[in-house]
Amino acid sequence: MKILVCVKQVPATDSRIKPTGDGVGVDLSSVDWIINPYDEFAIEEALQLKAKHDGEVVVVSIGGDKVEDAMRSALALGVDTAEVIKDAGSAASDSLGIAKGLAAIAKRHNPDLILCGKQAVDDDQMAVPAMLAELLDLPQATVVVGMEVAEDGKSAKVDREIEGGHEKIEVTFPAVIATQKGLNEPRYANLKGIMAAKKKKIEVLSAADLGLGEFGSKVEVLAVNPPAEKTGARMIEGDAAAQVTELIKVLHDEEKII
Amino acid sequence: MMANEVLLFVEQRNGEIKKSSLEALGAAKAIATSKGGSLGAVVAGEGISGLAETLGSHGADVVYMADHGDMAHYSTEGYAHAVTQALDKSGATILVGSATAMGKDLAPRLAARKDWAFLADTTSVAIEGDKLVVTRPEYAGKVISKLATAATGVVLTLRPNSFSVPEASGGSAQVETLDVSGANIRAKVVALETKEQGLVDVAEADRVVSGGRGLKEAENFSLVFDLAKELGAGVGASRAVVDAGWIGHDHQVGQTGKTVSPNLYIACGISGAIQHLAGMRTSKCIVAINKDAEAPIFQVADYGIVGDVFEVLPKLTDAVKALNS
Ligand SMILES: Cc1cc2nc3c(=O)[nH]c(=O)nc-3n(C[C@H](O)[C@H](O)[C@H](O)COP(=O)(O)OP(=O)(O)OC[C@H]3O[C@@H](n4cnc5c(N)ncnc54)[C@H](O)[C@@H]3O)c2cc1C
Ligand SMILES: Nc1ncnc2c1ncn2[C@@H]1O[C@H](COP(=O)(O)O)[C@@H](O)[C@H]1O
């Protein structure tokens, strides 16, 4: 079973994120870079499937000059090989541009299964997995919190989280599956894995190697602003009874929301 | 047949149009109007013919009906088949949906199918000249981006609770029937498990009561449920209490949980870590109850109560009960 895992390198979730001076970008000069948290579930699932179904796990990524660090971390967890498109312009690409790049890589591998995270925590699009599925003409299941692959490795029963419930889906492989927290408990790298990863190869490709044009975008950024400043809470004083009375009054009379 | 500038993908559940779709209907109509065109709406399901009237009275000019057994449950491929047909029939070059579980699964697939621009989870939308301009929170709400695309060839989803439901105007829509048989569905929903009736999902609710570690023990979470019940609100939670197993992950609000944007968010015994704020800071009115006056949650709150949840919550629940009766 060949499994492709799409991993995006993103700023650590506790990074301070601020607009750049010109107001049309985000200042990422001093952030720490990590593997997108949801992609960790995809990597873990791939490694568990590899153990059960005997197979190969390839991580792929499109990113900037630090992207190999994310690949090295994935290799340390037990992933077999890594392939990246390293392209400074990719950061300005839109989801569809990225999905086209990933589709081009996927076509070289013909995987039985493609695993993604449900969402990249930087631009929060939740778009690439579904786009990739469409471009490759594969079925998809997104926001997956449970997954049971058939003995023959040719289909799966998955559990997808929706508002107020779950959908149980039967999907034939090859397919694109996007993972959500709850699916598994991602492992940590151990020393042996970290040492082994140093010897594994990361294949670095350019968009041109894959016959792709420049990473473009149909979406133009006009401005990046900090969220509207709240002026701080209006504190409601008094004992509990007085506070509750006052709160009910403002929510009912002023805010008109209860 | 009338060509439409804009097509809206409408979600229904048990034959009822979802509130988020009605909100999107208002926004989609405004886009259509400012482009000087008409609005189509496509709805899929089984036994849903009655919905055309509601859609028409809220502003849809044409309703494309995908009423078929294969559409009884959502499937990406089945619904994509239906919406693609409606796009072809209507000639629309802008497709609007909601940033719901269904919309987020379907919309990007259609953007790739049409090779159109994609704008996810937008909180405002406007036509400016030949451009479609939107705002959307990025980096979990740490910044708000203003983005533009050409005003033709776009798929966009709208964040629930960010747009208001249009008044019913008494208009009526022309109905077009789609033949959606024969969709190739390789990922099939075989069962749907929904939670007990009466509990609103936190991601959809327009009021949310959330609890954190300040509640001390799992049993005490009933205080949050009691208030939520009186308010008709969804129940949220911080990751700390989800990890502690007090409540299921589908209640978690935040960076690694759900993003909510209700009209009222009441945070009870939640400190306000950056990852929690990521999921709720765009709520319209935030009330924080915390015994620590320095808790960071007060920086994003509109109203703050420094107090003990065990004292404040029961009184608040009683007061809402009194107000309701
Ligand atoms: C990668 C990553 C992702 C994360 N994702 C999320 C996420 O999605 N959602 C999320 O919520 N967190 C997330 N976190 C965790 C986050 O950093 C915090 O640890 C968590 O939100 C804290 O939960 P809490 O506010 O309930 O607990 P605490 O921080 O322990 O706060 C408890 C609060 O209760 C108050 N309190 C105590 N007793 C009382 C009382 N009797 N009455 C009133 N108030 C009282 C205290 O003053 C305190 O402010 C994430 C962390 C990481 C590293
Ligand atoms: N640049 C990228 N390289 C590799 N995978 C990506 C990239 N961007 C997105 N993905 C994958 O698509 C998922 C969803 O991302 P997004 O659609 O950007 O929210 C991520 O969790 C990754 O698995």
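Here the structure is a predicted model, which means the values were calculated and not measured. (Residues numbered from 1 in each chain as written. Chains lettered and ligands numbered in written order. Predicted model: local features only at pLDDT ≥ 70, side-chain atom pairs only at ≥ 80, totals over all residues. Heavy atoms only, no water.)

### Side note on the overall build of chain B
And then number 1: Looking only at helices and strands, chain B features nine helices and 18 strands.
And then number 2: Taken along the three principal axes of its C-alpha coordinates, chain B extends 65 × 40 × 40 Å.
And then number 3: Of all 325 residues assigned to chain B, the portion counted as buried reaches 59%.
And then number 4: Entry remark: accessible area of chain B is about 11,700 Å², with carbon and sulfur atoms responsible for 48%. (Helix = DSSP H or I, 4+ residues; strand = E, 2+ residues; numbered from the N terminus. Buried < 20%, exposed > 50% of the residue type's maximum accessible area, 1.4 Å probe, protein only. Areas by Shrake-Rupley, 256 points an atom, 1.4 Å probe, with all protein chains shown as cover.)

### Looking at the packing of helix 2 (residues 67-76) of chain A against helix 5 (residues 191-199) of chain A
All names here are of chain A.
And then number 1: Their axes nearest at 7 Å, the elements helix 2 and helix 5 cross at an angle of 125 degrees. Between helix 2 and helix 5, the angle falls in the class oblique. You can see that helix 2 and helix 5 cross each other, and the crossing is right-handed. In contact with Arg-72, Leu-75 and Ala-76 of helix 2, helix 5 contributes Gly-193, Ile-194, Ala-197 and Lys-198.
And then number 2: Among the residues making up the contact of helix 2 with helix 5, the classes are represented as four nonpolar, one polar and two charged. (Axes fitted to C-alpha atoms, helices over the stretch in contact; angles between N-to-C directions. Parallel < 35°, antiparallel > 145°, perpendicular 65-115°, else oblique. Left-handed = near helix turned anticlockwise from the far one by under 90°. Contact = heavy atoms within 4.5 Å. Nonpolar A, V, L, I, M, F, W, Y, C, P; charged D, E, K, R; others polar.)

### Some words on the site of ligand 2
All names here are of chain A.
And then number 1: Taken together, 20 residues surround ligand 2, and among them Cys-6, Asp-39, Ala-120, Ala-127 and Val-128 come closest.
And then number 2: For ligand 2, an oxygen atom lies 3.0 Å from a polar atom in the side chain of Asn-36.
And then number 3: Within the contact set of ligand 2, an oxygen atom lies 2.7 Å away from a backbone nitrogen or oxygen of Ala-127.
And then number 4: Contributions of two or more residues to the shell around ligand 2 are made by strand 6 (56-63), helix 3 (95-109), strand 8 (113-117) and helix 4 (128-135).
And then number 5: For the shell around ligand 2, the element with the highest residue contribution is strand 6, accounting for three residues.
And then number 6: Among the residues making up the shell around ligand 2, the classes are represented as twelve nonpolar, five polar and three charged. (Near = heavy atom within 4 Å. Polar contact = N/O pair within 3.5 Å; in protein donor to acceptor, adjacent residues only side chain to side chain.)

### Details of the site of ligand 1
And then number 1: Near ligand 1 you find 27 residues, and of these Lys216(B), Ser238(B), Thr256(B), Ser271(B) and Asn290(B) are the closest.
And then number 2: Ligand 1 is flanked by residues contributed from chains A and B.
And then number 3: Measuring from an oxygen atom of ligand 1, one finds a backbone N or O atom of Arg213(B) at 2.8 Å.
And then number 4: The backbone of Gly214(B) places a nitrogen or oxygen atom 3.5 Å from an oxygen atom of ligand 1.

### Comments concerning the interface of chain A and chain B
One widely used convention gives an interface's size as the accessible area the parts lose upon coming together.
And then number 1: The interface of chain A with chain B comprises 73 residues on the first partner and 85 residues on the second.
And then number 2: Roughly 6,900 Å² of surface becomes buried between chain A and chain B when both sides are summed, with 57% attributable to carbon and sulfur atoms.
And then number 3: Applying the counting rule to chain A against chain B returns ten salt bridges.
And then number 4: For Arg109(B), the salt bridge identified is with Glu134(A), shortest N-O distance 2.8 Å.
And then number 5: The interface formed by chain A and chain B contains 37 residue pairs in polar contact (both at pLDDT 80 or more).
And then number 6: A total of ten residues in the side of chain A that touches chain B trace back to one element, the largest contributor, which is helix 6 (residues 240-254) of chain A.
And then number 7: Taken together, the residues of the side of chain A that touches chain B sort by class into 38 nonpolar, 14 polar and 21 charged. (Buried area = accessible area lost by both parts, 1.4 Å probe. Salt bridge = Lys/Arg side-chain N within 4 Å of Asp/Glu carboxyl O.)

### Section: the side chain of Thr122(B)
And then number 1: Turning to its location among the elements, Thr122(B) is positioned in strand 7 (residues 117-122).
And then number 2: Of the residues examined, Thr122(B) reaches a relative accessible area of 0% and is grouped as buried.

### What about the domain arrangement of chain A?
And then number 1: Annotation of chain A at the domain level lists domain 1 (2-205) and domain 2 (229-258).
And then number 2: Look at where the C-alpha atoms of domain 1 of chain A and domain 2 of chain A centre, and you get two points 44 Å apart. (Domains from an automatic or database assignment.)

### So, the nonpolar core
All names here are of chain A.
And then number 1: Grouped together as the largest cluster of nonpolar side chains are 40 residues, with contacts concentrated most on Val-5, Ile-43, Leu-113, Met-147, Val-158, Phe-173 and Ile-177.
And then number 2: Sorting elements by how many residues they give to this core places helix 2 first, with six residues.
And then number 3: Aside from chain neighbours lying at most four places away, what touches Ile-43 is Val-5, Val-7, Ile-35, Ala-74, Leu-77 and Val-79. (Core = buried A, V, L, I, M, F, W, Y, C linked by side-chain atoms within 4.5 Å.)

### So, the pairing of strand 11 (residues 165-172) of chain A
And then number 1: Strand direction decides the pairing type here: strand 10 (residues 155-162) of chain A and strand 11 of chain A, joined by eight bridges, are antiparallel. Each bridged residue has a counterpart across the sheet, and for Ala156(A) the counterpart in strand 11 of chain A is Val171(A).
And then number 2: Where strand 10 of chain A hands over to strand 11 of chain A, the hairpin turn is made up of two residues, of which Gly164(A) adopts a positive phi near 65 degrees.
And then number 3: By the bridge criterion, seven bridges tie strand 11 of chain A to strand 13 (residues 187-194) of chain B in an arrangement that is antiparallel. Paired with Val171(A) across the two strands is Ala187(B), which belongs to strand 13 of chain B. (Pairing = 2+ DSSP bridges.)

### Some thoughts on the packing of helix 5 (residues 222-231) of chain B against helix 9 (residues 309-324) of chain B
The relative placement of two packed helices comes down to the angle between their axes together with the axis-to-axis distance.
All names here are of chain B.
And then number 1: Contact geometry of helix 5 with helix 9 gives a least axis separation of 9 Å together with a crossing angle of 20 degrees. As judged from the angle between their axes, helix 5 and helix 9 are roughly parallel. Crossing of helix 5 over helix 9 shows left-handed handedness. Note on element contacts: helix 9 touches helix 5 through Val-309, Phe-310, Leu-313, Pro-314, Leu-316, Thr-317, Val-320, Lys-321 and Asn-324, opposite Leu-223, Val-224, Asp-226, Leu-227, Glu-230 and Leu-231.

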